[in-house]
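Structural overview for review
One-letter residues, chain by chain:
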Amino acid sequence: MPGPSRSSPPSVHSEGARARGASQPPTSVAPPVAPAVRAPAPRTDLSEKTVDTSSLRAKASEWSAGKKLAYLRDRSIGDCRRCALAQGRTNIVFGVGNPEAELMFVGEAPGFNEDRQGIPFVGRAGERLNIWLDLLGVPRGNAYIANVLKCRPPNNRDPHPVEVARCSPFLHAQIRAIQPKVLVALGRFAGNLLSGSEQLALHRMRERVLTYREAKHGTTVPVVVTYHPSYVLRQSGDAPPGTSKADELVLSDLRRAVGFLRQGRP
Ligand code: SF4
């Protein structure tokens, strides 16, 4: 069965060309003077602010996934202030892993440790994810891991809709760059966003075959929704890591995701 479309160029946030003409108020005394025309500066590389969007997209279509991600992080996100979460963050938590990954995990938002280190899924939640990957025989370095939000909400509260609306274009751009074969949503927010099933509870999403669709670029990727490691930690009590009922549910979901990788999409 076919994987996701891999032909679409990345949509990157170019600085774009700016209108530069400034109108001069007419004067009844001096004769009209032709405005000075300044030759445009030559374009030497993509870091120049004068590069136009279509040219950039054409060049970016030839880039590796790693270069697309680096551009997205450094130039498109930069020191992002698009929502109020910028005020309380220590680091923007962009994502980590193999830019060519076939399996991509998407969580909700950075927590305390992620905010401090600038890396998603570290701390206890990250350890639990690592245990799951070990049990499945998937090296963490082979996957890519990111969040819906790139900055930590205060006290790890749920994301607000306006924050998701402002930040999720970065996640969509990451998916376009990586072009994974399977997406795993960790938690309800990631599941709702990736599958477009905004009203479904997590247990309903787990039961269904869901698909990530981005019509603009023709991207479609199967989505497996499962529980967030933080939820599993709360449910597991004193059970050894990887052995609780909640762990078993997640592992069955992740086996399904790995099965999609091996057998093609559902
Ligand atoms: S959460 Fe996203 S949109 Fe908001 S400031 Fe951070 S990077 Fe920007």
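Residues numbered from 1 in each chain as written. Predicted model: local features only at pLDDT ≥ 70, side-chain atom pairs only at ≥ 80, totals over all residues. Heavy atoms only, no water.

Some words on the overall build of the protein
Check the secondary structure of the protein and you find 9 helices and 6 strands. A total of 266 residues make up the protein; the buried ones form 47% of that total. Counting contacts in the protein only where the partners sit at least 6 residues apart, residues at least 24 apart contribute 73% of the total. Accessible surface, the protein as shown: approximately 14,100 Å² in total, 51% of it carbon and sulfur. (Helix = DSSP H or I, 4+ residues; strand = E, 2+ residues; numbered from the N terminus. Buried < 20%, exposed > 50% of the residue type's maximum accessible area, 1.4 Å probe, protein only. Contact = heavy atoms within 4.5 Å. Areas by Shrake-Rupley, 256 points an atom, 1.4 Å probe, with all protein chains shown as cover.)

Details of the site of the ligand
Taken together, the neighbourhood of the ligand is formed by C80, R82, C83, A86, R89, K150, C151 and C167. Its residues assigned to classes, the shell around the ligand comprises 5 nonpolar, no polar and 3 charged. (Near = heavy atom within 4 Å. Nonpolar A, V, L, I, M, F, W, Y, C, P; charged D, E, K, R; others polar.)

A closer look at the side chain of R128
Following the sequence through the fold, R128 ends up in helix α4 (residues 123-136). In this structure the side chain of R128 is engaged in a polar contact, spanning 2.9 Å, whose partner is the side chain of D247. Apart from the residues within four sequence positions on either side, R128 is in contact with P229, V232, L233, S236, P241, G242 and D247. (Polar contact = N/O pair within 3.5 Å; in protein donor to acceptor, adjacent residues only side chain to side chain.)

Some points on the confidence of the model for the protein
For the protein, per-residue confidence averages 83 on the pLDDT scale, and 80% of positions sit at 70 or higher. Contacts from residues 1-50, a stretch scored under 50 in pLDDT, to residues over four places away or in other chains number 61 contacts. (pLDDT = per-residue confidence, 0-100.)

What to know about the packing of aromatic side chains
Across all of its chains, the model carries 2 aromatic pairs by this definition. Note on W63 and Y71: the rings are 5.4 Å apart at their centroids and 50 degrees apart in plane angle, and the pair reads as tilted. Classification of W63 as buried rests on a relative accessible area of 11%. Relative accessible area serves as the criterion here: at 9%, Y71 is assigned to the buried category. (Phe/Tyr/Trp six-rings, centres within 6.5 Å; stacked < 30°, edge-to-face > 60°.)

Remarks on helix α6 (residues 188-195)
Because an α-helix completes one turn every 3.6 residues, residues spaced three or four positions apart along the sequence face the same direction. Counting buried positions along α6 gives 6 out of 8 residues, so the element sits mostly inside the fold. The set of residues buried in α6 consists of F189, A190, G191, N192, L194 and S195. Check the buried side of α6 and you find it contacts β2 (103-107), α5 (161-178), β4 (182-186), α7 (202-206), β5 (210-214) and β6 (219-226).

Remarks on the pattern of salt bridges
Throughout the structure, instances matching the rule amount to 8 salt bridges. A salt bridge links E214 to R176, with the nearest nitrogen and oxygen atoms 2.6 Å apart. Of the two residues, E214 sits in strand β5 while R176 sits in helix α5, which places them 38 residues apart along the sequence. With a relative accessible area of 14%, E214 lands in the buried category. The class for R176 is buried, based on a relative accessible area of 8%. Between R206 and D253 there is a salt bridge; the shortest N-O distance is 2.7 Å. In this pair, R206 is assigned in helix α7 and D253 in helix α9 (residues 245-263), connecting sequence segments 47 residues apart. Take R206 and D253: they sit in the same class, and that class is buried. Linked by salt bridges that have partners in common, D79, R81 and R89 make up one network. (Salt bridge = Lys/Arg side-chain N within 4 Å of Asp/Glu carboxyl O.)

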